[in-house]
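# Fold and geometry: a report
Residue strings, one per chain:
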Amino acid sequence: MRPCLVAILLFAVPFVARADEPWKAGAAAVVITPDQPLWMAGYASRDKPAEGKATDLFAKALVVEDPSGKRLAIITMDLISIPKAMRDHVVQAVREKHKLPPESIVLNCSHTHCGPVIRLGTYILYDLEESQRAAIEKYIAVLHEKLVSVVDQAVAHLEPAKLGYSHARAGFAMNRRLPTDKGYQNSPYPDGPVDQDVPVLRVVNAEGKLKAVLFGYACHNTTLSFFQFCGDYAGFAQQAFEESHPGTIALFFMGCGGDQNPYPRGTIELARQHGRTLATAIDAALLPEPQPVRPPLRTAFAEAALEFAPAPEREELVRLQQSSNKYEKRHAEVLLEQLKQDGKIRQEYPYPVQSIQFGKDLTMVTLGGETVVDYSLRIKKEVTGNPVWVAGYSNDVFGYIPSQRVLKEGGYEATGAMLYTSLPGPFALDVEDRIMSKVHELVRQVRE
Ligand SMILES: [Zn+2]
């Protein structure tokens, strides 16, 4: 009998090991801090380039692979936005090299307002000298290659792993749309909606060592507005967690913080403090044994056609072209140029929506643009059955995405901010319906 038992044990061991570490996972980080004083993004009022750095900026990648070989890559960046060309570049390169189809690639930006300008389209906020534009173009080209190389490195680090989900809370995000007699103003509004959840995906290797955490929060990275490169609270949170867990990579996954600010704000001490608060929340989330997150992996990606409200007539644009408001004037010029070139002003925007399903254990939904908090609250209410993680600021970040409520209320996130883009103006009132029907369609698809 004895030899038989040995044989059974020998065969049983690899099977048990595979069941314990159902995934392969790898993470990597690269520094993307500009090495020269580029113009900084985030505020129209900036009047000079960066004066050094307070912290480095990073791009990071987490790649997971299920037992069938299906992969997911989540790329997070300490940057203001994601131009479509950036996603296109990464998707094309990574798809060819690593068997990663577009629906399995997520790009997400922290929206730090202390990063470089990375968009040089038809309309930018600043009057940049030619040398500055050339330096930014050069930076963008290097950045694109770094985003591909960080995925290369994460793939190279793939090792057997277990995933777990848990969450905690952090309280420094507050709604910033204060209702006043003069409309909604950008000020702390403690009675407005918030999503202070801190979702955490824990990655542990076969030896039980914590290798990576992906964590989310729905809040603008706007504690700071100075002239030094800095990851703001999200940068400090990643740094604090990595320092207290050596050998671990922490990736910040921005949520639907379009109408949320960190309060109080204004100093680097506060940014560091908010970062520590968030890192502490990750530790709190990891206290109970995280819920296992098991394969298989399923992913879906599609574009919802979002319509704009009717654009101003040509006569109105000609009038606005004479405006004393520099941004109103420039916006009108850009739209008139569009009319001249294309014979019409664009009516739609192809809006990226993505859904990721981990077995029966976790659903992620990613949305493009600066989504307001109503989206994460609504999606978490309507998509049930397992925990749901909603990320905004993903795949194409080009402007604010108001909910129907915010659109009707008006104010910066509904209308005002459109002045700083080449988009014709506010979205049509059905913007939320169009996004939500695409979300439900994709969630159904990955759960079939
Ligand atoms: Zn913003």
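What counts and what doesn't
- Residues numbered from 1 in each chain as written.
- Predicted model: local features only at pLDDT ≥ 70, side-chain atom pairs only at ≥ 80, totals over all residues.
- Heavy atoms only, no water.
- Donors = N, O, S within 2.8 Å, 3.2 Å for Na, K, Ca; no water.
- Tetrahedral: all angles 85-135°; square planar, octahedral: opposite > 155°, others 65-115°.
- Helix = DSSP H or I, 4+ residues; strand = E, 2+ residues; numbered from the N terminus.
- Contact = heavy atoms within 4.5 Å.
- Expected span 1.5 Å × (residues − 1).
- Buried < 20%, exposed > 50% of the residue type's maximum accessible area, 1.4 Å probe, protein only.
- Arc of directions from axis to C-beta.
- Axes fitted to C-alpha atoms, helices over the stretch in contact; angles between N-to-C directions.
- Parallel < 35°, antiparallel > 145°, perpendicular 65-115°, else oblique.
- Left-handed = near helix turned anticlockwise from the far one by under 90°.
- Nonpolar A, V, L, I, M, F, W, Y, C, P; charged D, E, K, R; others polar.
- Domains from an automatic or database assignment.
- Pairing = 2+ DSSP bridges.
- Polar contact = N/O pair within 3.5 Å; in protein donor to acceptor, adjacent residues only side chain to side chain.

The next thing to look at is the coordination of the zinc ion. Around the zinc ion, the protein contributes the donor atoms His111 (NE2), His220 (NE2), Glu370 (OE) and Tyr400 (OH), at 2.1 to 2.6 Å from the metal centre. If you look at the zinc ion, its four donor atoms make angles of 84 to 177° with each other, and the shape they trace is irregular. Read in sequence order, the donor residues for the zinc ion give the motif H-x108-H-x149-E-x29-Y. With glutamate 370 in strand β17 (residues 370-371) and tyrosine 400 in strand β19 (residues 400-401), this pair connects stretches of sequence that are 30 residues apart.

Residue placement: proline 352 occurs in strand β15 (residues 348-358). Through-space distance from the C-alpha of proline 352 to that of lysine 438 is 9.5 Å; in sequence the pair is 86 residues apart. Among all residues touching proline 352, those that are not within four sequence positions of it are Phe301, Ala302, Glu303, Thr366, Leu367, Gly368, Ser394, Asn395 and Asp396.

Taking 1.5 Å as the rise per residue, helix α10 (residues 431-447) with 17 residues should run 24 Å; its terminal C-alpha atoms sit 25 Å apart, in good agreement. Val431, Glu432, Ile435, Met436, Lys438, Val439, Leu442, Val443 and Val446 are the residues of α10 that are buried. Axial view of α10: buried residues confined to an arc of 160°, hence all on one face.

For the rest of this paragraph, the subject is the packing of helix α4 (residues 232-244) against helix α5 (residues 268-285). Relative placement of two packed helices is described by the angle separating their axes and the distance separating the axes. Running from amino to carboxyl end, α4 crosses α5 at an angle of 50°, the nearest separation of the two axes being 7 Å. By the criterion of interaxial angle, the relationship of α4 to α5 is oblique. Like other packed secondary-structure pairs, α4 and α5 cross with a definite hand, here right-handed. Facing α4, whose interface residues are Asp232, Tyr233, Phe236, Ala237, Ala240 and Phe241, α5 presents Ile268, Ala271, Arg272, His274, Gly275, Arg276, Leu278, Ala279, Ile282 and Asp283. Among the residues making up the contact of α4 with α5, the classes are represented as ten nonpolar, two polar and four charged.

Under the domain assignment used here, the chain contains domain 1 (20-303 + 351-420 + 429-447) and domain 2 (312-346). The centre of domain 1, based on its C-alpha atoms, is set 33 Å off from the matching centre of domain 2.

Once that is clear, we can look at the sheet that holds strand β16 (residues 362-367). Strand order in this open sheet of four strands is β14-β15-β16-β18, and the pairing throughout is mixed. A strand with exactly one partner marks an edge of an open sheet, and here the two such strands are β14 (297-307) and β18 (388-391). Recorded for the sheet is a direction-independent mean angle of 15° between the axes of neighbouring strands. By the bridge criterion, eleven bridges tie β14 to β15 in an arrangement that is antiparallel.

Along the chain, leucine 147 turns up in helix α3 (residues 130-156). We classify leucine 147 as buried; its relative accessible area is 0%. Expressed as a C-alpha distance, the spacing of leucine 147 and aspartate 342, which sit 195 residues apart in the sequence, is 33 Å. Apart from residues no more than four positions distant in its own chain, leucine 147 is found in contact with Ala59, Ile75, Met77, Met86 and Val90.

In this structure, threonine 112 sits in the loop between β4 (105-109) and α3. Here cysteine 114 takes part through its backbone nitrogen, which lies 3.1 Å from a polar atom of the side chain of threonine 112. A polar contact of 2.7 Å, which involves the side chain of threonine 112, links it to the backbone oxygen of cysteine 230.

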